[in-house]
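Residue strings, one per chain:
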Amino acid sequence: MYFPTLRPRRLRRSATLRKMVQENRLTVDDLIYPMFVMYGNDQENEVSSMPGVFQYSIDKLLPAVGEVVELDIPAIILFGIPGEKDEVGTGAFVDDGIVQQAIRSIKEKYPDLLVITDVCLCEFTSHGHCGIINDGEVMNDPTLEYLARTAVSHAKAGADMVAPSDMMDGRVAAIREQLDENGYSHIPIMAYSAKYSSAFYGPFRDAADSTPQFGDRRSYQMDPPNGDEAIKETTLDIEEGADIVMVKPALAYMDIIRRVKEEFGYPLAAYNVSGEYSMIKAAAAKGWIDEKSVVMEMMIGFKRAGADLVLTYFAKDIAKWLRES
Ligand code: PBG
């Protein structure tokens, strides 16, 4: 049976009909908003490559978080910029670290907001790598202990979920074990499972001050041509105890989102990374594209590909747009 009997256009005739047969939907509950916190007072520095994204001192972070809560965005993911850096990234796991302080302040004021923390060393190490260095090499196993300590310190400060983004082998198991041993068996892990070594992280490294001082991250983050490897990485993370798995970046890796969703049927987050944000902001500022339409089309694309959750710097705008419609 085909044309003229079958006419797909019949179901596209009105907005009402289109809404009724719409296959995928984006809601505010799908969104996780990344935020950057730094030491100091009265600090609110806009990241030059990410218009609308700020590094906040805690006093300024709180009202900004209030805005997120007001918009009904369910979760934030926190990144910290330390005062001082050293070889092992001590600032990542001390009890009075910037992230730990921020968690305590946020949870005191907004207990219902889900606070996720990025667990990594790169913002806190003097060399900017995500692990411990020996002879110019990122050492896998010695790094695990530091990551686990970081995750436990976040949980202790009140974090609701931890998200390891370092891509060391075995880190989910190491973190799970230490969380459990310290009384945090109820704290879920969102693992950056298929995290690629991507040029799309450029603006984030301005925001988090985490550019490697030598070399690059290719010996630990995934190689962009690989797809089967994403299945291997995700298998390991799930076996090690990941509760939510992530694909990152999102836009250039839609096929990976789809494959991971189909293969595992696990809760899946897609990270709409800094470079994806900056590209749209720049083109929109020039009047070359319509920001809202493009962002909403990209978001529904992530959902259609198989993402359940989206980490995005556009979260506040999206929440407003969803309210308007
Ligand atoms: C830390 C981390 C990075 C991002 C999230 N966590 C940077 C990196 O791996 O270099 C990137 C996020 C973004 O680009 O928006 N390891």
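Residues numbered from 1 in each chain as written. Predicted model: local features only at pLDDT ≥ 70, side-chain atom pairs only at ≥ 80, totals over all residues. Heavy atoms only, no water.

## A look at the pattern of salt bridges
For the structure shown, the criterion picks out 18 salt bridges. A salt bridge links glutamate 324 to lysine 292, with the nearest nitrogen and oxygen atoms 4.0 Å apart. Of this pair, glutamate 324 sits in helix H11 (residues 315-324) while lysine 292 sits in helix H10 (residues 291-305), placing them 32 residues apart in sequence. For glutamate 324, a relative accessible area of 59% gives the class exposed. On the basis of relative accessibility, which here comes to 36%, the residue lysine 292 falls in the partly exposed class. Three or more residues joined by partner-sharing salt bridges are found here, namely Asp42, Glu44 and Lys60. (Salt bridge = Lys/Arg side-chain N within 4 Å of Asp/Glu carboxyl O. Helix = DSSP H or I, 4+ residues; strand = E, 2+ residues; numbered from the N terminus. Buried < 20%, exposed > 50% of the residue type's maximum accessible area, 1.4 Å probe, protein only.)

## Description of helix H4 (residues 140-157)
The first and last C-alpha atoms of H4 sit 26 Å apart over 18 residues, in line with the 26 Å expected at 1.5 Å per residue. Buried residues of H4: Thr143, Leu144, Tyr146, Leu147, Ala148, Thr150, Ala151, Val152, Ser153, His154, Ala155 and Ala157, and no others. The first or second residue beyond H4 is glycine 158, which carries a positive phi of 120°. (Expected span 1.5 Å × (residues − 1).)

## A word on the site of the ligand
The full set close to the ligand counts 19 residues, and Lys195, Arg205, Lys248, Ser274 and Tyr313 are the nearest of them. Between lysine 248 and the ligand, the recorded distance is 3.5 Å, taken from a side-chain N or O atom to a nitrogen atom. Separating an oxygen atom of the ligand from a side-chain N or O atom of tyrosine 313 is a distance of 2.6 Å. Here the ligand has 400 Å² of accessible area as a free molecule, and 100% of this is covered by the chains. Looking at the shell around the ligand, the elements that each hand over two or more residues are strand E9 (190-195) and helix H6 (202-208). Of the residues belonging to the shell around the ligand, the class tally is 11 nonpolar, 3 polar and 5 charged. (Near = heavy atom within 4 Å. Polar contact = N/O pair within 3.5 Å; in protein donor to acceptor, adjacent residues only side chain to side chain. Areas by Shrake-Rupley, 256 points an atom, 1.4 Å probe, with all protein chains shown as cover. Nonpolar A, V, L, I, M, F, W, Y, C, P; charged D, E, K, R; others polar.)

## Notes on the packing of helix H7 (residues 228-240) against helix H8 (residues 254-264)
Two numbers describe how H7 lies on H8: the axes approach to 10 Å, and their chain directions differ by 45°. Regarding the angle of H7 to H8, the classification is oblique. Here the hand of the crossing between H7 and H8 comes out right-handed. Counting all contacts with H7, which are made through Asp228, Ala230, Ile231, Thr234, Thr235 and Ile238, the residues of H8 involved are Ile256, Arg259, Val260, Glu263 and Phe264. Residue composition of the contact of H7 with H8, by class: 6 nonpolar, 2 polar and 3 charged. (Axes fitted to C-alpha atoms, helices over the stretch in contact; angles between N-to-C directions. Parallel < 35°, antiparallel > 145°, perpendicular 65-115°, else oblique. Left-handed = near helix turned anticlockwise from the far one by under 90°. Contact = heavy atoms within 4.5 Å.)

## Let's talk about the pairing of strand E4 (residues 75-81)
Successive residues of a regular strand alternate their side chains across the two faces of the sheet. Along E4, 7 of the 7 residues are buried, which leaves the element largely enclosed by surrounding structure. Here E4 shows two buried faces, one formed by Ala75, Ile77, Phe79 and Ile81 and the other by Ile76, Leu78 and Gly80. Taken together, the 7 bridges between strand E1 (residues 31-38) and E4 define a ladder with parallel strand orientation. The residue bridging proline 34 from the neighbouring strand is isoleucine 77, located in E4. One ladder, built from 4 bridges, connects E4 with strand E5 (residues 114-119); its direction is parallel. (Pairing = 2+ DSSP bridges.)

## Focus on the environment of leucine 236
Positionally, leucine 236 belongs in helix H7. Since its relative accessible area comes to 38%, leucine 236 is described here as partly exposed. Distance in space between the C-alpha atoms of leucine 236 and aspartate 169 is 8.7 Å, their sequence separation being 67 residues.

## Points about the environment of glutamate 46
Take glutamate 46: it is sitting in strand E2 (residues 44-46). A relative accessible area of 45% means that glutamate 46 is categorised as partly exposed. Sequence separation between glutamate 46 and tyrosine 56 is 10 residues; the distance between their C-alpha atoms is 8.8 Å. Excluding residues that lie within four positions of it along the chain, glutamate 46 makes contacts with Pro51, Gly52, Val53 and Phe54. Side-chain polar atoms of glutamate 46 contact the backbone nitrogen of glycine 52, separated by 2.5 Å.

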